[in-house]
Amino acid sequence: MFGFPEAERSGIESHKKHYLKSVIFQVKFKATDEIDKNKDGITSIFKDQFPRVNDTKRDGVKVSFGTDKTPIVQSVSQDDFGFELRSADGNNMFSFSKGAISLTISGNAYKNYNNIEENIVLLKKVFGLCKITSFSRVAIRKLNIIEFEIVGESETTPMQIIEMILNPNLLSSSACLPKPERIQLNIQTINYVEENDRLNLRYGLVVSDANNKKGQILIDIDLFTVGDIPVSSLESLSVKINIEIFNIFNWAISEEAKEQLSK
């Protein structure tokens, strides 16, 4: 999609861990009352995997990152209908509104793309039930957070840590900053547009204590396609988006960080 090198996927099976904090899969469509009318039917489709049901109509306030980004939690206005379905352990959640459906999977529950794929199979029943034939947006967002702690009397700085983790090409704009040891927050955003495809790539450093000993490295990849997208193409498009996200992530991290995934 955006020219990132195609990553070698043959070694993925050897990965014993990942850096994911959350994975969000979302489809948007023309607002319809069918979601409301068929709430009982939808909850029945997901009752085994998502038995916990909660209305969101009265919540009003939800967390999201900007109007053109896939929300970490789906926005529901006061006059909109919405409900959530959660797994028994709370690690997986579907959010339904009149014009969007989102699946959020916590990082400790996400194994691989099959976690999304198996739910698309169930979602196709919802689309048929609610007469949804096309989408205006299909998105996958993967938020990676790498925690670090500088132990003992080491003089290593957080900026030196991020240089070990990220592709040097992402850090060229920060290389000449004075007093890098005093940097507490350094987040960069890159937005790509290629025909109907969109990419929001956010990455950088968040230092969480005054002594510069603890912090997080963020790699937030939000990739989506807009337009008139038929339901029949959802599975192939989702696979395409997921592969490109892996290409971006593989390019964004250093070889040392990749090696850590197999340990």
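Rules used throughout
- Residues numbered from 1 in each chain as written.
- Predicted model: local features only at pLDDT ≥ 70, side-chain atom pairs only at ≥ 80, totals over all residues.
- Heavy atoms only, no water.
- Helix = DSSP H or I, 4+ residues; strand = E, 2+ residues; numbered from the N terminus.
- Buried < 20%, exposed > 50% of the residue type's maximum accessible area, 1.4 Å probe, protein only.
- Contact = heavy atoms within 4.5 Å.
- Areas by Shrake-Rupley, 256 points an atom, 1.4 Å probe, with all protein chains shown as cover.
- Phe/Tyr/Trp six-rings, centres within 6.5 Å; stacked < 30°, edge-to-face > 60°.
- Lys NZ or Arg CZ within 6 Å of the ring centre and 35° of its normal.
- Pairing = 2+ DSSP bridges.
- Axes fitted to C-alpha atoms, helices over the stretch in contact; angles between N-to-C directions.
- Core = buried A, V, L, I, M, F, W, Y, C linked by side-chain atoms within 4.5 Å.
- Salt bridge = Lys/Arg side-chain N within 4 Å of Asp/Glu carboxyl O.
- Arc of directions from axis to C-beta.

Let's shift gears to the overall build of the chain. A tally of helices and strands in the chain yields six helices and nine strands. When each of the 263 residues of the chain is scored for burial, the buried share is 48%. Once local pairs closer than 6 in sequence are excluded, the contacts in the chain between residues at least 24 apart make up 72%. Accessible area for the chain stands at about 13500 Å²; split by element, carbon and sulfur atoms hold 49% of it.

Now for the packing of aromatic side chains. Inspection of every chain in the model, using the stated rule, returns eleven aromatic pairs. Through a chain of ring-to-ring contacts, the aromatic side chains of F46, F50, F83, F94 and F96 assemble into a single cluster. Cation over ring: R137 sits above F224, and NZ or CZ is 3.8 Å from the ring centre.

What follows deals with the pairing of strand β6 (residues 134–149). Relative to β6, strand β1 (residues 20–28) runs antiparallel, the two being bridged by eight bridges. The residue of β6 that forms the bridge with Q26 is A139. In the sheet, β6 pairs with strand β9 (residues 214–230) via 15 bridges, with the strands oriented antiparallel. Looking across to β9, one finds that N144 is bridged to I219.

Attention shifts here to the sheet that holds β6. With respect to topology, nine strands assemble into an open sheet ordered β2-β3-β4-β5-β1-β6-β9-β8-β7, the strand pairing being antiparallel. Two strands in the sheet have a free side with no partner beyond their single neighbour: β2 (52–55) and β7 (185–194). Across this sheet, the average inter-strand angle for adjacent strands is 10°, counted without regard to direction. On top of the sheet, helix α3 (residues 114–129) reaches β1, β4 (92–97), β5 (100–106) and β6; it is set at about 155° to β5, its chief contact. Packing against the sheet, helix α5 (residues 234–252) makes contact with β1, β6, β8 (197–207) and β9, and its axis sits at approximately 150° to β9.

As for its placement among the helices and strands, N144 is situated in strand β6. Apart from residues no more than four positions distant in its own chain, N144 is found in contact with Y19, L20, K21, I217, L218, I219 and F249.

Look at K131: it is not a glycine, yet its phi comes out positive at around 60°. By the secondary structure assignment, K131 is in the loop between α3 and β6. Look at K131 and you get exposed, because its relative accessible area is 62%.

Further remarks concern the nonpolar core. Within the largest apolar cluster, 66 residues are counted, with the highest numbers of intra-cluster contacts made by F25, I35, F46, F96, I101 and F135. Per-element accounting of this core gives the leading share, seven residues, to α5. With residues near it in sequence (within four places) discarded, F135 still touches V27, K28, F29, F127, G227, D228, I229, P230, V231 and L234.

To continue, consider the side chain of E34. Examined against the element boundaries, E34 turns out to sit in helix α1 (residues 34–37). A relative accessible area of 17% places E34 in the buried class. For E34, the contacting residues outside a window of four places in its chain are L129, C130 and K131.

Here we take up the pairing of β7. Pairing analysis gives ten bridges linking β7 to β8, with the strands arranged antiparallel. What sits directly across from V193, in β8, is R198. Here β7 folds back onto β8 in antiparallel fashion, the turn holding two residues, of which E195 has a positive phi close to 55°.

In this structure the tally under the stated criterion is nine salt bridges. A salt bridge links D48 to K47, with the nearest nitrogen and oxygen atoms 3.6 Å apart. A relative accessible area of 63% places D48 in the exposed class. Overall, K47 belongs to the partly exposed group, its relative accessible area being 48%. Between K124 and E235 there is a salt bridge whose closest N-O contact spans 3.2 Å. Here K124, found in helix α3, pairs with E235, found in helix α5; they are 111 residues apart in sequence, far enough to count as distant.

Quick look at helix α4 (residues 158–165) now. Every buried residue of α4 is accounted for by P158, M159, I161, I162 and I165. All buried residues of α4 project into a common sector of 155° when viewed along the axis, lining one side. Structurally, α4 contributes buried residues whose contacts are with β6, β7, β8, β9, α5 and α6 (255–260).

So yeah, pure geometry; function would need other evidence.
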